[in-house]
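The chain contents come next:
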Amino acid sequence: MHSVQSKIPILLSLVVPLLISGPFLPDLIISVTSIFFLFYVFKNKDFKYFKNNPLIIFFIFCFYCIICSLFADNVMFSLKSSIFYFRIGIFACVIWYMIDKNKSILNFFYYSLLISFSVLSFDAGSQYLYTKIILGLPISGENGRVSSFFGDELIMGSYLSRLFPLLFALFIVKVKKGKFEIYYIGALFVLIDIIIFISGERTAFFFLNLSTLFIIILIKDYQKFRLITFILGLIICLIITFKTVEIKERMFTAPLNDMGFVNSTSISDNKYIFTKSHDSLIRTAFKMFQEKPFFGHGPKMFRIKCSDDKYKTGIEPCSTHPHNFYIQLLAETGIIGFFFLFSALFYVLITALRQFISIILKKKRYLNDYQVCLLSGILITVWPLSPNGNFFNNWLIIVYGLPVGFYLQSLHLKKG
């Protein structure tokens with residue numbers, strides 16, 4: 001058993017690079033390690049990892065989603081997304097358990113993130129420079145966007161922005177850091193800022209800025225470090241904007257035009273939620289919510305019900321999801337499901353407020369810098385005012401579930 005335990009941290013840390021290949025291999029690792037963890041828990045009757053309010057609430061939410069699926073028009077189709085959703089909570093417990101048993105997992109994850117981010121950033125930077133700057137050719141990715149190893153899956157920016165707070169957290173908590181490592185991390189942070197920007201993923205760039213401002217305001221020791229790298233990154237992004245028409249169009253002109261703030265001819269011109277397409281999806285989902293406000297239509301049912309004439313709204317009413325977590329949960333799980341996610345947002349904001357007050361009053365900080373970074377990773381998951389992917393998407397739940405295990409373990413350690 002001890003031999004197995006020593007290999008689990010390495011296996012878990014491989015989730016980070018394997019996410020680049022898609023959801024299958026990371027999901028497989030989660031399943032294998034979760035089985036090992038559950039075997040340990042029941043064998044040793046050590047249920048302390050499940051005896052905490054956030055996980056209890058999460059498992060209640062998972063059970064509720066299954067109930068909603070059972071009442072959906074297409075039960076089996078809906079159950080595919082809800083019946084095993086609980087595994088991400090188990091995965092968080094696995095990370096928590098392994099940190100307790102083997103602190104080396106922190107270094108394994110740190111270097112796994114560091115290598116993955118470095119390879120992606122340098123490859124994406126080379127892709128942009130070689131095609132756009134050196135040869136003057138259009139970028140080879142779909143729609144002329146940088147995507148590195150993700151290819152036509154334009155989610156590189158999402159990957160980097162959502163996992164960046166975890167990288168920063170593990171950098172902070174790392175005990176020994178040489179000068180070269182600090183300088184390298186600083187340069188990498190600047191590069192990451194730039195790469196997310198030139199990826200053309202507006203939501204990812206917004207999340208990066210949101211988490212960065214959150215961290216800069218609430219941390220202590222590496223505040224100036226991140227502020228300097230952030231400013232340098234923004235300056236270079238600004239220069240790129242003036243020199244690259246496609247990026248300026250993608251990141252600024254197009255969304256402002258879609259929202260009705262550019263090329264408006266009168267005050268009565270329509271304003272849209274995010275973009276015309278997003279507006280259409282959101283309004284369609286809201287109509288679905290209005291019909292079944294308490295329990296919704298069932299997880300994953302938006303993609304089926306959105307084609308119904310009584311819900312369809314706008315120019316593009318149908319997709320696999322309505323591109324916003326909150327409106328998706330309203331449509332698919334009703335106000336009750338929505339409340340679970342909103343309660344997570346409420347917790348993050350209240351915790352951040354307590355941290356801010358402790359700083360203003362110059363008292364002992366409510367959270368340490370490591371916890372602030374992890375909390376910022378959770379913040380960008382529960383943030384309501386932005387487009388999102390599919391709440392029940394396998395790849396996404398792994399990405400936004402990763403910081404949770406580290407955060408829960410840190411809270412438990414603090415209480416201890």
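Read on for a plain summary of the structure. Within every chain, residues take consecutive numbers counted from 1 along the sequence as written. Only residues with pLDDT of 70 or above have their local features reported here, since the model is predicted, and side-chain atom pairs are shown and tallied only from 80 upward, although totals for entire chains, interfaces and linings are computed over all residues. Water and hydrogen atoms were dropped before computing side-chain values, which therefore reflect all heavy atoms in the structure.

**Section: the overall build of the protein**
Which entries qualify depends on this criterion: Helix numbers and strand numbers start at the N terminus; a helix is a DSSP run of H or I with at least 4 residues, a strand a run of E with at least 2. All radius of gyration figures rest on C-alpha atoms, and the globule criterion is 2.2 Å times the number of residues raised to 0.38. Note on exposure labels: buried denotes an accessible area under 20% of the residue type's maximum, exposed denotes more than 50%, and partly exposed covers the range between, all computed with a 1.4 Å probe on protein chains only. Working rule for contacts: check all heavy atoms of both residues, and any pair within 4.5 Å makes them a contact. Exposure was quantified through the Shrake-Rupley algorithm and a 1.4 Å probe, taking into account, for residues, occlusion by the shown protein chains and nothing else.
When helices and strands are tallied, the protein shows 17 helices and zero strands. A compact globule built from 416 residues would reach a C-alpha radius of gyration of about 22 Å, and the protein, at 22 Å, matches this within 12%. Dimensions along the principal axes, computed over C-alpha positions, put the protein at roughly 65 × 55 × 45 Å. Residue burial in the protein is summarised as follows: out of 416 residues, 53% are buried. Of all intrachain contacts in the protein linking residues separated by at least 6 positions in sequence, the fraction that spans at least 24 positions is 74%. Taken as a whole, the protein presents about 19,500 Å² of accessible surface, with 69% of it coming from carbon and sulfur.

**A short note on the pattern of salt bridges**
For the record, the criterion: Counted as salt bridges are all cases of a side-chain nitrogen of Lys or Arg within 4 Å of a carboxyl oxygen of Asp or Glu.
Overall, the coordinates contain seven salt bridges when judged by the stated rule. In this structure, the salt-bridge partner of Lys174 is Glu181, at a minimum N-O distance of 3.3 Å. Among the residues examined, Glu181 registers a relative accessible area of 14% and is labelled buried.

**Here we look at the packing of helix 4 (residues 53-70) against helix 6 (residues 87-101)**
For clarity, the threshold we go by: In this analysis an axis means a line fitted to C-alpha atoms, helices contributing only their contacting stretch, and an angle means the value between N-to-C directions, from 0 to 180 degrees. Note on angle classes: values under 35 degrees are labelled roughly parallel, values over 145 roughly antiparallel, values of 65 to 115 roughly perpendicular, and the remainder oblique. All amino acids are sorted into three groups, where Ala, Val, Leu, Ile, Met, Phe, Trp, Tyr, Cys and Pro are nonpolar, Asp, Glu, Lys and Arg are charged, and the leftover types, Gly among them, are polar.
Interhelical geometry of helix 4 versus helix 6 gives an angle of 160 degrees and a closest axis separation of 10 Å. Taken together, the axes of helix 4 and helix 6 lie roughly antiparallel to each other. Across the interface between the two elements, Leu55, Phe58 and Phe59 of helix 4 pack against Ile88, Gly89, Ile90, Cys93 and Trp96 of helix 6. Residue composition of the contact of helix 4 with helix 6, by class: seven nonpolar, one polar and no charged.

**A word on the side chain of Arg226**
Positionally, Arg226 belongs in helix 11 (residues 223-243). Residue contacts for Arg226: discarding those within four places in its chain leaves Phe164, Phe168, Phe189, Asp193, Leu208, Thr212 and Ile216.

**With respect to the packing of helix 10 (residues 202-218) against helix 16 (residues 369-382)**
Applicable threshold: Should the near helix be turned anticlockwise from the far one by less than a right angle, the crossing is left-handed, and should it be turned clockwise, the crossing is right-handed.
Close contact between helix 10 and helix 16 brings their axes to 9 Å; oriented N to C, the two are set at 150 degrees. With respect to helix 16, the axis of helix 10 lies roughly antiparallel. In this structure, helix 10 crosses over helix 16, and the sense of that crossing is right-handed. Packed against helix 10, whose contacting residues are Phe207, Leu210, Ser211, Phe214, Ile215 and Leu218, the element helix 16 presents Asp369, Val372, Cys373, Leu375, Ser376, Leu379 and Ile380 at the interface. Of the residues in the contact of helix 10 with helix 16, the class split is 10 nonpolar, two polar and one charged.

**Focus: the nonpolar core**
Keep this limit in mind: Joining through side-chain atoms within 4.5 Å is the link that ties buried Ala, Val, Leu, Ile, Met, Phe, Trp, Tyr and Cys residues into a set, and such a set is a nonpolar core.
Among the nonpolar cores identified, the biggest contains 111 residues, and Phe117, Tyr159, Phe168 and Phe406 are the most heavily contacted of them. The biggest single contributor to this core is helix 8 (residues 156-173), with 12 residues. The next biggest cluster of nonpolar side chains, apart from the first, holds 11 residues, and it includes Ile282, Tyr311, Ile327 and Leu330.

**Quick word on the state of the cysteines**
So the rule is basically this: Cysteine sulfur atoms are paired as a disulfide whenever they fall within 2.5 Å.
The full count for this structure, using the stated rule, is one disulfide. Cys306 shares a disulfide with Cys318; S-S distance 1.9 Å. Disulfide Cys306 to Cys318: torsion about the S-S bond roughly 105 degrees, handedness right-handed. Linking Cys306 in the loop between helix 14 (302-305) and helix 15 (325-360) with Cys318 in the loop between helix 14 and helix 15, this pair joins segments that are 12 residues apart in sequence. Here Cys306 falls in the buried class, since its relative accessible area comes to 0%. The exposure class of Cys318 is partly exposed, given its relative accessible area of 31%. With no disulfide of its own, Cys62 lies 6.4 Å from the sulfur of Cys65, the closest cysteine sulfur. With no disulfide of its own, Cys237 lies closest to Cys373 among cysteine sulfurs, the gap being 20 Å.

**Examining a nonpolar patch on the surface**
Selection rule: Residues enter a patch when their relative accessible area is above 30% and they make no salt bridge; the linking distance is 9 Å between like charges and 5 Å between nonpolar side chains (Val, Leu, Ile, Met, Phe, Trp, Tyr).
Side chains of Leu213, Ile217, Phe339, Phe342, Phe346, Ile350, Leu353, Phe356, Ile357, Ile360 and Leu361 sit close together on the surface and give an oily, nonpolar patch of about 1,100 Å² of accessible area. Elements represented by at least two residues in the nonpolar patch include exactly helix 10 and helix 15. Broken down by element, the residue count for the nonpolar patch peaks at eight residues, all from helix 15. Tracing the backbone shows Leu361 in the loop between helix 15 and helix 16.

**Quick word on the packing of aromatic side chains**
Using the following cut-off: Note on aromatic contacts: the rings of Phe and Tyr and the six-membered ring of Trp form a pair at centre separations within 6.5 Å, being stacked when their planes are under 30 degrees apart, edge-to-face when over 60 apart, and tilted otherwise. Comment: the charge-over-ring label is applied if NZ (Lys) or CZ (Arg) is within 6 Å of the ring centre and within 35 degrees of the ring normal.
Taken as a whole and judged by the stated rule, the model has 45 aromatic pairs. Consider the rings of Phe84 and Phe86, whose centres lie 6.3 Å apart with planes at 50 degrees: the pair is tilted. Given a relative accessible area of 31%, Phe86 falls into the partly exposed group. An angle of 25 degrees between the planes, with centres 5.7 Å apart, marks the rings of Phe171 and Phe225 as stacked. A residue pair is termed long-range when its members are at least 10 positions apart, and Phe171 in helix 8 and Phe225 in helix 11 qualify at 54 residues. On the basis of relative accessible area, Phe225 is assigned to the buried category, the value being 18%. Of note, Lys177 hangs over the ring of Phe171, and the distance from its end group to the ring centre comes to 5.2 Å.

**What about helix 13 (residues 276-291)?**
Note the cut-off: For a helix, the expected span equals 1.5 Å multiplied by the residue count minus one.
Given a rise of 1.5 Å per residue, 16 residues ought to cover 22 Å, and the 23 Å separating the end C-alpha atoms of helix 13 matches this to within 8%. Along helix 13, the positions that sit buried rather than exposed are His278, Asp279, Ser280, Leu281, Ile282, Thr284, Ala285, Met288 and Phe289. Those residues of helix 13 that are buried are in contact with helix 14 and helix 15.

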